Amino acid sequence: MRRLAPVQPRTMVEQAAEAVVLAAARGAFLPGDRLVEAEIARDLGISRVPVREALRLLESQGIVVSTPYKGMRLMQVTNRGVAELTRVRAALEALAVKEIAAAGGGEQRLAAARRAAAVYQQSLLDGDQAATVAADVALHGEICRASGNAVLHALWLGLARQLAVIWSLGQGVRPGPAIVAEHHELLDCLARADAAGALAALERHLAWHEAFDFEGAIAARRSQRR
């Protein structure tokens, strides 16, 4: 008897999962929308099996919610839920900032984060909302990776796709150049190992979540569909 099940290729499942998240980042799916397995498989040009597995994967990450007799739906987003998630995300990134500074900072440590910042800036010029959200997620993920704390980075990755769905709702609310400047300020402070400056920059960068009405943004987008 086998002690372990044979390993199955997961690439197509991951690609399908990422496609759903990117569609949400573009606004094709809104929080609470039903995700129909057959329709997603048809749009992606693949069979329903990897799509089914992708939706199960997203369910395990909190992106998709399965309700009896109602099927799979994209996660609900509430102002309270965003506030709770933001506090956890901010705590993780603040710890990353402190550990990067304690390790001496330096541009080499932040090279991947700098590249993500450049991709973010270019995506704004291209007007590609999904790419902008993906680059923003990548940038903050790379900051957590640069901490050298694998547990911290893994915890942040567990939140990343939820953050992508949430951040997509706030696209266009703040001027792109201001966000780019905040990214550079944060990374410059980290490169100098300036923990206090980086923590202050991070706090300013996240402050918009507190004033933004995510529930109102969802209602407005839903009304535009009609």
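Shown above is the structure to which this text applies.
In this text, all values refer to a predicted model and were calculated from it rather than measured experimentally. (Residues numbered from 1 in each chain as written. Predicted model: local features only at pLDDT ≥ 70, side-chain atom pairs only at ≥ 80, totals over all residues. Heavy atoms only, no water.)

**Points about the nonpolar core**
Looking at soluble globular proteins, one finds that nonpolar side chains tend to be buried together. Note the threshold: Put simply, buried Ala, Val, Leu, Ile, Met, Phe, Trp, Tyr and Cys residues joined by side-chain atoms within 4.5 Å make one nonpolar core. Only protein chains enter the accessibility calculation, which uses a 1.4 Å probe; a residue whose area is less than 20% of its type maximum is buried, one above 50% is exposed, and one in between is partly exposed. Strands here are runs of E lasting at least two residues and helices are runs of H or I lasting at least four, both read from the DSSP assignment and numbered beginning at the N terminus. Residue contacts are counted whenever heavy atoms from the two residues lie within 4.5 Å of one another.
Counting 63 residues, the largest nonpolar core has Val77, Ile143 and Leu190 as the members making the most contacts within it. A per-element tally of this core places helix 7 (residues 150–169) first, with ten residues. Aside from chain neighbours lying at most four places away, what touches isoleucine 143 is Ala96, Ile100, Ala113, Leu186, Leu187 and Leu190.

**Things to note about the packing of aromatic side chains**
Keep this limit in mind: By convention, a stacked pair of Phe, Tyr or Trp rings (six-membered ring in the case of Trp) has centres within 6.5 Å and planes under 30 degrees apart, an edge-to-face pair has planes over 60 apart, and any other such pair is tilted.
Enumeration over the complete set of coordinates arrives at three aromatic pairs. Ring centres of tryptophan 208 and phenylalanine 214 lie 5.8 Å apart, and the angle between their planes is 45°; on these two criteria the pair is classed as tilted. The two residues tryptophan 208 and phenylalanine 214 agree in class, both being buried. Three or more aromatic residues joined by ring pairs make a cluster, and in this case those are Trp208, Phe212 and Phe214.

**Focus on helix 4 (residues 79–102)**
Selection criterion: Expected span of a helix: the number of residues minus one, times 1.5 Å.
Here helix 4 contains 24 residues, and its C-alpha end-to-end distance of 34 Å stays within 8% of the 34 Å for a straight helix at 1.5 Å per residue. Where helix 4 is concerned, the buried positions are Val82, Leu85, Thr86, Arg89, Leu92, Glu93, Ala94, Ala96, Val97, Ile100 and Ala101. Where helix 4 is buried, its residues meet helix 6 (129–146), helix 7, helix 8 (176–191), helix 9 (195–206), helix 10 (208–211) and helix 11 (214–225). Just downstream of helix 4 lies glycine 104, where phi reads positive at about 100°.

**Some thoughts on the packing of helix 7 against helix 11**
Quick note on the threshold: Between N-to-C directions, angles span 0 to 180 degrees; the directions come from axes that are lines fitted to C-alpha atoms, helices contributing only their stretch in contact. Comment on the angle field: the value is read as roughly parallel under 35 degrees, roughly antiparallel over 145, roughly perpendicular from 65 to 115, and oblique elsewhere. Left-handed describes a crossing whose near helix is turned anticlockwise from the far helix by less than a right angle; the clockwise case is right-handed. Residue classes follow a fixed rule: Ala, Val, Leu, Ile, Met, Phe, Trp, Tyr, Cys and Pro count as nonpolar, while Asp, Glu, Lys and Arg count as charged, and any other residue, Gly among them, counts as polar.
The contact between helix 7 and helix 11 brings their axes to 9 Å, and the two run at 70°. Classed by the angle they form, the pair helix 7 and helix 11 counts as roughly perpendicular. The two elements helix 7 and helix 11 meet at a crossing, and its hand is left-handed. Residues Ile166, Ser168 and Leu169 of helix 7 pack against Phe214, Ala217, Ile218 and Arg221 of helix 11. Of the residues that constitute the contact of helix 7 with helix 11, the class distribution is five nonpolar, one polar and one charged.

**A short note on the pairing of strand 3 (residues 71–74)**
Condition: Two strands qualify as a pair provided DSSP detects at least 2 bridges between them.
Strand direction decides the pairing type here: strand 1 (residues 34–35) and strand 3, joined by two bridges, are antiparallel. For leucine 35, the partnering residue across the bridge sits in strand 3 and is methionine 72. Two elements, strand 2 (residues 64–67) and strand 3, share four bridges in a ladder whose sense is antiparallel. Across the sheet, valine 64 pairs through a bridge with leucine 74, a residue of strand 3.

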